[in-house]
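# Analysis of the macromolecular model
Each chain, letter by letter, is given below.
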Amino acid sequence: MNREEIRALALKKLLQVAPDINPGELDPKTPIRDQYDFDSMDFLNFTIALGREFQMDIPEKDYVAIQSLDGAVEYLAQHIEGSAEEN
Amino acid sequence: MSEFRLPSLGADMKDATLREWFVEPGDTVTKGDSIAAVETDKGIIDIEVFESGTVKEILVQPDEKVPVGTVLATIRSGGKTQGHAEPRKAGVSEDKQAPPEDMPRALNIQPPPGGERKRISPAARKRARELSVDPENIVGTGPGGAVTLEDVASSAGPAAPTGTVAGTAEKQAEAAASSMRRAIAAAVVRSNREIPHYYLSTSIDLTPALTWLEQQNAERPLPLRLVYAILLLKAVAGALQKVPEMNGFFMDDAAQVKDDVHVGVAISLRSGGLLVPTLRDVHRKNPDELMAEFSDLVNRARSGHLRGSELQDATITVTSLGEQGVDTVFPIIYPPQLAIVGFGSIVERVRPVNRAPQVRRVINASLAADHRASDGHRGALFLAEIDRLLQEPERL
Amino acid sequence: MKTTYREAMRSALQEALQQDERVFLMGEDVGRYGGCYAVSKGLQEEFGEERIRDTPLSESAFVGAGIGAALGGMRPIVEVMTVNFSLLCLDQIVNNAATLRHMSGGQFSVPVVLRMTTGAGRQLAAQHSHSLECWYAHVPGLRVIAPGTLEDMRGMLRLALEDPDPVIIFEHNALYNREGELAEDSSITDIRRAAVRRNGSDVSLICYGGNLHKTLDAAEQLAEGGIDAEVVDLRSLRPLDDETILASVRKTHRAVLIDEGWRSGSLAGEIGMRIAEQAFYDLDAPLARVCSAEVPIPYAAHLEHAALPQVDTIVEKVREVMGQNV
């Protein structure tokens, strides 16, 4: 899975949690909660959705790494086996 | 004789389920009385009668689902000339004395309760008649709180029987939002008018609770992790065991303290507005059960799939605006409840611990309580108990 | 063409004197002095003492003379220095000019044009500053008009002279020095119909004469706050153009009346009543008015300012009507 695929899947999960997010306007570098009304419950739902989609556990201490879309993509890419080398 | 029909209680409402009649045939009703409760997708809502008279026949029974406009009952015109029916109690009404059918028409003309006629602009009144909506039920935004044309238009919404209001999805969403706004407005206006609030606030060291939570979550798979709000809810429910007079309702001029703790949780919606679904029996449930229910409620509240019954029966409300970055909340009691607890954001503060300064994670808890039911001293004990319980999170 | 209201009226007088030999101007100090407000400056040199006549200080006498001249076939323009002084000739105007057509069974007409200044704002004190045009607007048999734009200042006199009955033109003294662009097209003036000077959808501001610009300024300020005001310039105070007023109110559903007269018994009161009579069910807010304070207009500048309708007070009243508490 390459980063573009990861990004597409992560964005899909994000939009499921927060349908009001406009993907065109979302700044991938800035934490999502700084841009939208995205509270801890939304964040937990997003994390759960990512964990389920990519079949991995995301420990609470790593939450800080997935605050932004870019951060989440980077984190996922590094933690999915075999995907890191592709890039 | 008039027909009491299921009104449109919001632009997107198509039907509703009748839940309860507060009156029975023969009861006298006065314009403005709530005489039935119906369940819509926004919750259970009391509906008012628009005419004074006597209930003649009830045509729709509880648990029947009917479309907007259905005749629910027939009302024989001819109001009481004195006194005010109290149909909520009149479900077991003693006042069975129906006025004679041939009562002079003139006696129907009663001044509305309070003496002053509701302010409705002439144009709004005319438009309301064209749209078949009752302007008496609309919250006015014009000068002096008068109902204006715009208020009528937004209250009628696109579902109104007219071709003049565009039925776009945007307009529907707007109308739904404004109907929620009106519901919130009605509740807070009543609260500020009727309830003598007192406010207390204290800052609580949340470090032990959060440390415990982090340890717990480190061992838990993603879907089973807890959010800190659960600990706050448990602490509130626990403190109510010690100071029960914050839990219950103020009705009929008396506090009705409840044993079971049903916590209304204020949830803000993305489109604006808020819903306060109820977490039942918080004192009896463990954090895991609460987390599952809480998460389910939040998700459904935000996707618009709450059941009406889930908006009912809360004995106290908890609101947390911490994630919006405020330190302290000064909440308004949700009537007829006795109290509301607000939590601000978690902030790092230097606090003395064992006589040495330490950086601790601190949260401000505030209480607004009904002074008719309790005094500041008990309120202070209540907040202190929340604090104490949060220092021993493993016991929550 | 850039010009002032004063020059616009002077050029209207000039044109009337040139085009019709029956036209002459008379009044106090209109000749040698050039008019108290310098409106007729230079006209005596151009048209001579026969046609630009200085009169004794007797309003009753020279207005009466004007009425007589009109009955005799002339087209007199009589300048009464201010409406405050016109009370001295009220008898001539109300009992004679306004009634003769009726009392003669239509045999006589009185085609006199009376020009009067009105209004305050120039620190001329109470006896020179009142707005009494409403009193004349009360009287059947008179046509009462008030120019608010340069074009109307320039064009109304010609139309008034064409009218076979007495016409009173109220010129607000605060307008004379005002400068602006005068459109060349004379057909845009009308003394029978009110004019919508600004289109809007939220509220109708109904005004005339010297308050037109204050009202337009208020409308601009309101627009910044999201209120889209329509401005109706009455032009004719008698008869009132109900049709234009009501069409505007039916569109906006709200009306605020701006009138420099005193509130009690004001023209604003009359217009408000007509709206209530004919457009009650179109109203979405109570009618409101901005009038002068019920005092003799003060001399002191700050008190005079406070006594008159101003942009701020108009804005405030409109916000109130819109349900925006200020």
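Refer to the preceding data block for the structure.
Residues numbered from 1 in each chain as written. Chains lettered and ligands numbered in written order. Predicted model: local features only at pLDDT ≥ 70, side-chain atom pairs only at ≥ 80, totals over all residues. Heavy atoms only, no water.

## What about a nonpolar patch on the surface?
- On the surface, Val-188, Val-189 and Ile-332 of chain B cluster together into a nonpolar patch covering about 200 Å² of accessible area.
- Assignment of secondary structure puts Ile-332 of chain B in the loop between strand E16 (316–320) and strand E17 (339–343). (Patch = residues over 30% accessible without salt bridge, like charges linked within 9 Å, V, L, I, M, F, W, Y side chains within 5 Å. Areas by Shrake-Rupley, 256 points an atom, 1.4 Å probe, with all protein chains shown as cover. Salt bridge = Lys/Arg side-chain N within 4 Å of Asp/Glu carboxyl O. Helix = DSSP H or I, 4+ residues; strand = E, 2+ residues; numbered from the N terminus.)

## As for the packing of helix H9 (residues 212–224) of chain C against helix H13 (residues 311–321) of chain C
Residue and element names in this part refer to chain C.
- Taken N-terminus to C-terminus, the directions of H9 and H13 make an angle of 50°; their axes are 9 Å apart at the nearest point. Relative to H13, the element H9 lies oblique. For the crossing formed where H9 meets H13, the hand is right-handed. Together, Lys-214, Thr-215, Asp-217, Ala-218, Gln-221 and Leu-222 of H9 and Val-311, Asp-312, Ile-314, Val-315, Val-318 and Arg-319 of H13 make up the contact between the two elements. (Axes fitted to C-alpha atoms, helices over the stretch in contact; angles between N-to-C directions. Parallel < 35°, antiparallel > 145°, perpendicular 65-115°, else oblique. Left-handed = near helix turned anticlockwise from the far one by under 90°. Contact = heavy atoms within 4.5 Å.)

## A word on the sheet that holds strand E6 (residues 53–58) of chain B
All names here are of chain B.
- The 4 strands lie next to each other as E1-E8-E6-E3, forming an open sheet whose pairing is antiparallel. A strand with exactly one partner marks an edge of an open sheet, and here the two such strands are strand E1 (2–5) and strand E3 (28–29).
- Relative to E6, E3 runs antiparallel, the two sharing 2 bridges. Within E6, the position partnered with Val-29 by the bridge is Gly-53. (Pairing = 2+ DSSP bridges.)

## A few points about the packing of aromatic side chains
- Counting across every chain of the model gives 6 aromatic pairs over all chains.
- Aromatic pair Phe-38 of chain A and Phe-46 of chain A: ring centres 6.3 Å apart, planes at 75°, arrangement edge-to-face. Phe-46 of chain A carries the same exposure label as Phe-38 of chain A, and that label is buried.
- Taking the centre distance of 5.1 Å and the plane angle of 85° together, the rings of Phe-280 of chain C and Tyr-281 of chain C count as edge-to-face.
- Over the ring of Phe-250 of chain B we find Arg-372 of chain B, and its NZ or CZ is 3.7 Å from the ring centre. (Phe/Tyr/Trp six-rings, centres within 6.5 Å; stacked < 30°, edge-to-face > 60°. Buried < 20%, exposed > 50% of the residue type's maximum accessible area, 1.4 Å probe, protein only. Lys NZ or Arg CZ within 6 Å of the ring centre and 35° of its normal.)

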